[in-house]
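If you want the building blocks of each chain, they are given just below.
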Amino acid sequence: MSKRALSRTKIGLKVSIQTWMCFPRIEAPNIIESQMEVCSQLVSAYMISENGENVEQVAAALQNGEFTLLQLVQSLGEYITAIEPDIRSKGLDLLVHVIGQCPPSTLSAQSTRVLSTFLSGKLDDYDTIEPALKGLAVLVGHPTFSDASASEVAISIFQHVRMRSLTQAVRYNVFRILDSLVQNHRQAMRLLDRDFVSGYVSIAEGEKDPRSLLLSFSVVRVLLIEFPIQAHIENLFDVTFCYFPITFKPPPGDPYGISAEDLRTSLLSCLNATPLFGPLALPLFLEKLSASSGSLKRIILDTVTACLPVYGRNIVRDFGSDLWEIFKIEIFQPADPETEACSMRAVQSLVRTLYPPRAGDSSDQLDGLIEDMVNECKTIVREPEKSQAKHAVKLLGALLCTQVPRYAIEEVFPHLFVLYRNPDEISFRASTLTCISAYWRHLRREVTEKPLSGFEEQLFSSLAGGLKIAAARRPSIEGLLQLVKVPGVCSVDKLRFISQSMNEILVSDSRDVELEDLRLPGSSPPKQELTEHVRYRRILASLSALCPSPSLFETLVIRLTSKLDLLCRPRPIDLDLEGDAAYAYAVLSTVKDVITAKAQNKHLDLPKYGDRLVVPLYNIFLKASISPEDAHSVATNTKVLSVAAKIVTLITRTLSHDRQRTLFTALFLAFRDGDLERLMPDLKLPEGTGRFDPFSRYILVRVSQQVFTTASKVSLPFMNPSEDFLKYLNWSLSDTIEERLRTAVWQFMATHVNKRPDDFMPLTTRHLPQFWKDEIGLTTQDVERRKAALRGYIWIHKGLLARNHPDTTLGIKLIFTVFDDPQIGWDAARGIGELVKGGRDVLVKENFCSIRPLYAQRFVSSVLLTLLEGSTARNEAAKQPYIVGLTCLVTSVPKAMYSYKLSVIMPLLLRGMDLPDETIRINVVDTLYAMASDKSTQTELIEEHASAILNALLFSSDPRHSKSPALRCSSLRCLGVLPSAVKYSVLHPYKQKVIAQLGRFVDDPKRRVRKEAVDARHVIFLPYLIGSLIRHEVLQTLGISINYHLRSASRNNNNEKPLPTHEPLNSNLDESSIDDESEVGPL
């Protein structure tokens, strides 16, 4: 700050204080001295503090009356006028902050005037311009701020503020001030006339901050509407239309909540604010429409639609033909329906502008563009079978909602009727009638008063004749439906004719043919008959859509269960049942889909199918389980069994508690004692069947799937539940039991332990600890039996964990004790991760299970620290189970549960990629993929381990090291997502290695792996390719330049004429034009 400017500041401050003192306040001298002392102490404490901690204390003291604002200014005098810029800025910051905290009653009109004059004078000081603008932004909104002060502030801003040298926040304060001046002191700003408009243009030019742009657009709109702008229209056009069409992408976590739509709406309010923009804007619109496509073109079309009525007929008339040429391309050859709709609205706006009301009362008054539009549509409709005819009819319908409906009706209807009656066009009558019906629907919707004056008979005759043409029947019916809704058009005879024609169509043979098409085949078609397979699947899909209603669903259940019974009958053991199994699965899936739809719509008829559907299904599958040994059935297929179990589950959920208890008791007696009479009294077993096995795997799976859904209030038919469950748990460990059956037993036990923990207290407190010692902790037991016992133990504790049962703590501790067991240590580690999983459709609230909130979070927080501590052990063999447990846990829960430890977990996850178990490696890769895909993940963590991640993924993608196609697919998919999560500079050193390896992986023997490799190579290779092209262009340009200089030197030596050279490619890239992504620039 120069000495002369500093001298002016001191003089101005002295004058301001003297002006303030012209209004004396009578106070005792000792009181004034005391107040000054307090004020000086607070100001001094603030100035010597590093961060200005006691600024709030100064403001509070002023509000409490400990000193006055004048005394504060006097105390700040030496700081505000100091030579050091930091001191001046800090002192002015305090004054501005205190002004902002003052209530309105504190500042009088004189005080406001003095402060505004003082702050306006600080705008020419770069070091104090920021606090000065902040203070002015507060003052201009004060009720005592006068018009004279407003003029003074505006002139000072225009003279001293240089926007390009200021930051976004400071520029935003400038626009806040000007917006407040225009809103609250508009008359004073208008008195400035051209000075204000020209000054504002210089301020707003080149602005990119979205917050400032919203304020700028609102000010510009006021200027365009209420200020004399004729001399500045080109400048205002440049400062406004440079943003059109505006593009903006809000940055992540934008605190201001400004959207691209907000900016577009605000800009549009400026573009259509004055007709003076018309001659300048319309050529720009034409240029933008010709060079744009997609969403950008739709934005421009909507803008043109809004601007044309404002610009007016006299201006638009000169550009009407050019606009129509562009609009009709998007209407007759649309790229997408959205762009076509925008073009239709633009045409309507164009016609409304060129033909205002009363211009279309009679057809002889209309000529020019509207005549060209209608004639072009009539020419296209002469070929109604082509696709453009449909778009032409849409356009003619759009013209009906303008001011020229009568002209359009009188021109179009006679033309269409002539085409329909032309004998040379008889083969296209159906298409012509489709156009007539479509145009009539538009007319019926847009014209309410006498839409058919003069054309009623011709229209009725055409629609009635179309009923006799099969291809034209649908448009004829739709047209007649609209016709009968118009009062006074159809006489009684016409209505009688329409009714009779509809009856004839309904009872015709064509309807019977359609119903015939819905008949299912009696058995599965042969494998080679692909058409028949597609046909019955389409029929089942149609039945699924038609039959949720109660009456149709009952018929569907009867027919499909009968067909299922035929498909599931025992067949010779050497007969291939793959086709019948697929057919039965499709039939049951149809029933399941309909039941799901009915359950979502809360139909009340579902409970009655506990007897009508559930019992017949048990009948079918019981017969299959006890069929002769030399026969087999479709009912033994795993997929068929699974979908049937889902049907039983859906129906059982709708039953009452009493009905669930009855069904559950009958099922329990059936699989325990072989007593089928209570479940199915009418069951007749075929001759030669084997003895019913009470633990038959199919029956048990059926029972297990169904009993999950029993409510907690339904009592169990067990004399001693804990003893019985222990018996079933020991039975499930037998070598003769397959894994699917074991899992069904454990799931059955887990759900009931979850619902009734009090009934199973002896099991959880006494039997399970002893079971652990005998079956799991005893190292002399068979290894496979120990592993099976551990899985059953974990399933029971899943049910306890879901309700936060206290006995879960002991179970988790026991699982950790076998981590060092070489036989089952890894299985126990996997179990820690599996504990938090409830199983698909098992431990869920829909099955009346008790699921406590945040149980998973509590579990993760309790075991995560133990796993992390164990993973840092010195012994490599000792830490591996903990790494296995950590990887399984991380893949089982959402990232939010462990994100606070992610920096510690990441290296351990990468250690998991070295484990031999490919299932664990798949889990790790899926976790890395989720982290890279999640935008909220800290990319710095992935970038830090980028080298290890890339090497591990490339190793797992190699078929020589990974036998599992699933692992190779997951690794390649994760490779493909890394470029979007990691900076290119981080991945750049590895690009050649990655691209070379991916070139080998595209020859993988598995097709899905090859697809993932191709996708990953495309994502990774694209930035490398672009970089290579840029380098090639740079080298080419340098080569041309060198060649040019060499030849110039040669010509100078030989006195030859210059030879023509190629122009180098210019990229026109300017680093100064690259701004923050939150800013908006002209397109």
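Computed from a predicted model, the values in this text were never measured in an experiment. Per chain, residues are indexed from 1 in the order of the written sequence. Reporting of local features is limited, given that this is a predicted model, to residues whose pLDDT is at least 70; pairs of side-chain atoms are given and counted only at 80 or more, and all residues count toward the totals for whole chains, interfaces and linings. Hydrogen atoms and water are omitted, and side-chain values are computed over all heavy atoms in the structure.

A. Structural context of the pattern of salt bridges. Any carboxyl oxygen of Asp or Glu within 4 Å of a side-chain nitrogen of Lys or Arg constitutes a salt bridge here. The full count for this structure, using the stated rule, is 24 salt bridges. Put simply, D209 and R211 hold a salt bridge, and the shortest N to O gap is 3.8 Å. Neither residue differs from the other here; D209 and R211 are each classed as buried. A salt bridge links E578 to K527; its shortest N-O distance comes to 3.0 Å. Taken as a pair, E578 in helix α30 (residues 578-600) and K527 in the loop between α27 (509-516) and α28 (530-546) lie far apart in primary sequence, 51 residues in all. Here's how the labels work: a residue is buried when its accessible area is under 20% of the maximum for its type, exposed when over 50%, partly exposed in between, all with a 1.4 Å probe on protein chains only. Numbering goes from the N terminus for both helices and strands, where a helix is a DSSP run of H or I of at least four residues and a strand is a run of E of at least two.

B. Inspection of the packing of helix α38 (residues 783-802) against helix α40 (residues 825-834) at higher detail. Think of each axis as a best-fit line through the C-alpha atoms, taken over the contacting stretch in the case of a helix, with angles from 0 to 180 degrees between the N-to-C directions. At a minimum axis distance of 10 Å, the contact between α38 and α40 shows a crossing angle of 20°. Here α38 lies roughly parallel to α40, going by the angle between them. Note on packing geometry: the crossing formed by α38 with α40 is right-handed. Along the contact surface, α38 presents K787, L790, I794 and K798, while α40 presents D827, A828, G831 and E834. In these notes the angle categories are as follows: under 35 degrees is roughly parallel, over 145 is roughly antiparallel, 65 to 115 is roughly perpendicular, and the rest is oblique. The crossing is said to be left-handed when, going from far helix to near helix, the turn is anticlockwise and less than a right angle, and right-handed when the turn is clockwise. Contacts are assigned to residue pairs that have any heavy atoms within 4.5 Å of one another.

C. Highlighting the nonpolar core. Nonpolar core, defined: a set of buried Ala, Val, Leu, Ile, Met, Phe, Trp, Tyr and Cys residues in which side-chain atoms within 4.5 Å join the residues together. Judged by nonpolar contacts, the single largest core of 156 residues is most densely connected at L72, L95, I157 and L181. If near-sequence neighbours (up to four positions away) are discounted, I157 is found in contact with L123, V174, I177, L178 and I203. One finds W772, L801, L867 and F1001 within the second-largest nonpolar core, a separate group that totals 105 residues.

D. Inspection of the side chain of H805 at higher detail. Residue placement: H805 occurs in the loop between α38 and α39 (808-817). Residue class for H805 comes out buried when judged on its relative accessible area of 18%. In contact with H805, not counting residues within four places along its chain, are P757 and L800.

E. Empty space enclosed by the protein, seen in detail. Points on a 1 Å grid, built from protein atoms alone, make a cavity when a 1.4 Å probe fits but cannot get out and make a pocket when they are open with protein on both sides within 12 Å along at least 5 of 7 lines; residues with an atom within 4 Å of a point are the lining residues. Grid points are joined across faces, edges and corners, and a volume is the space filled by probe spheres set on the points. Overall, the coordinates contain six cavities of 30 Å³ or more when judged by the stated rule. If you add up the space inside the second largest cavity, you get close to 60 Å³. Lining the second largest cavity we find T764, L768, P769, Y793, H797, L800, D807, L810, G811 and L814. For the lining of the second largest cavity, a count of residues per class yields six nonpolar, three polar and one charged. Residue classes follow a fixed rule: Ala, Val, Leu, Ile, Met, Phe, Trp, Tyr, Cys and Pro count as nonpolar, while Asp, Glu, Lys and Arg count as charged, and any other residue, Gly among them, counts as polar.

F. Main features of helix α16 (residues 294-311). Expected helix span is computed as 1.5 Å times (number of residues minus one). Under the 1.5 Å per step criterion, the end-to-end length of α16 is 26 Å for 18 residues, consistent within 8% with the ideal 26 Å. For α16, the complete set of buried residues consists of K297, I300, L301, T303, V304, T305, C307, L308 and Y311. Contacts made by the buried residues of α16 are with α13 (233-241), α14 (260-271), α15 (278-291), α17 (313-316), α18 (320-332) and α19 (337-354). Positive backbone phi, approximately 95°, marks G312, located one or two places after α16.

G. Spotlight on the confidence of the model for the protein. pLDDT expresses, on a scale from 0 to 100, how confident the predictor is about each individual residue. Of all residues in the protein, 80% attain a pLDDT of 70 or more, and the chain-wide mean is 76. Every residue in residues 509-516 is under pLDDT 50, and counting partners more than four places away or in other chains gives two contacts.

H. Quick look at α40. Every buried residue belonging to α40 is among G825, A828, A829, G831, I832 and G833, and all of these are buried. As for α40, its buried residues are in contact with α38, α39, α41 (855-870) and α42 (876-890).

I. Representation of the packing of helix α5 (residues 85-101) against helix α7 (residues 129-139) within the structure. Taken N-terminus to C-terminus, the directions of α5 and α7 make an angle of 15°; their axes are 9 Å apart at the nearest point. Considered as vectors, α5 and α7 are oriented roughly parallel to each other. Handedness of the crossing formed by α5 with α7: left-handed. Where α5 approaches α7, its residues S89, L92, D93, V96, I99 and G100 are matched on the opposing element by P131, A132, K134, G135, V138 and L139. For the contact of α5 with α7, the residue count by class is seven nonpolar, three polar and two charged.

J. Region of the structure containing the packing of aromatic side chains. Whether two aromatic rings pair depends on their centres lying within 6.5 Å, for rings of Phe, Tyr and Trp, where Trp uses its six-membered ring; planes under 30 degrees apart make the pair stacked, over 60 edge-to-face, and the rest tilted. Per the stated rule, a full pass over the model turns up 19 aromatic pairs. Ring centres of F196 and Y200 lie 6.5 Å apart, and the angle between their planes is 15°; this geometry places the pair in the stacked category. Taken as a pair, F196 and Y200 lie in helix α11 (residues 194-204) at a separation of four residues, close to a single helical turn. Each member of the pair, F196 together with Y200, is buried. Each member of the aromatic cluster is reached from another via a ring pair, and the members are F158, F175, F196, Y200 and F227. Here the basic side chain of R211 rests over the ring of Y256, its NZ or CZ set 4.2 Å away from the ring centre. Geometrically, a charge over a ring is one whose NZ (Lys) or CZ (Arg) sits within 6 Å of the ring centre while staying within 35 degrees of the ring normal. For K798, the ring lying beneath its charged end belongs to W795, and the centroid distance is 3.8 Å.

K. Local environment of a nonpolar patch on the surface. There is a patch of nonpolar side chains on the surface, built from L481, V484 and L495 and spanning about 230 Å² of accessible area. With respect to the element layout, V484 can be found in helix α25 (residues 473-484). We classify V484 as partly exposed; its relative accessible area is 35%. The residues that make up patches have over 30% relative accessible area and no salt bridge, and they are joined within 9 Å when like-charged or within 5 Å when they are Val, Leu, Ile, Met, Phe, Trp or Tyr. Throughout, the Shrake-Rupley method with a 1.4 Å probe supplies accessible areas, and for residues the shown protein chains are the sole cover considered.

L. Fine view of unusual backbone geometry. Note the cis peptide between F244 and P245, where omega equals -10°. The backbone of K602 shows a phi angle near 60°, a positive value even though the residue is not glycine. Of note, K602 is situated in the loop between α30 and α31 (609-625). Residue K602 is classed as exposed on the basis of its relative accessible area of 70%. Look at L854: it is not a glycine, yet its phi comes out positive at around 65°. With respect to the secondary-structure elements, L854 resides in the loop between α40 and α41.

M. Molecular detail of the environment of L76. Within the secondary structure, L76 is located in helix α4 (residues 69-80). The class of L76 is buried, set by a relative accessible area of 0%. When the C-alpha positions of L76 and L95 are compared, they lie 8.0 Å apart, and in sequence the two are 19 residues distant. Excluding residues that lie within four positions of it along the chain, L76 makes contacts with V43, G91, L94 and L95.

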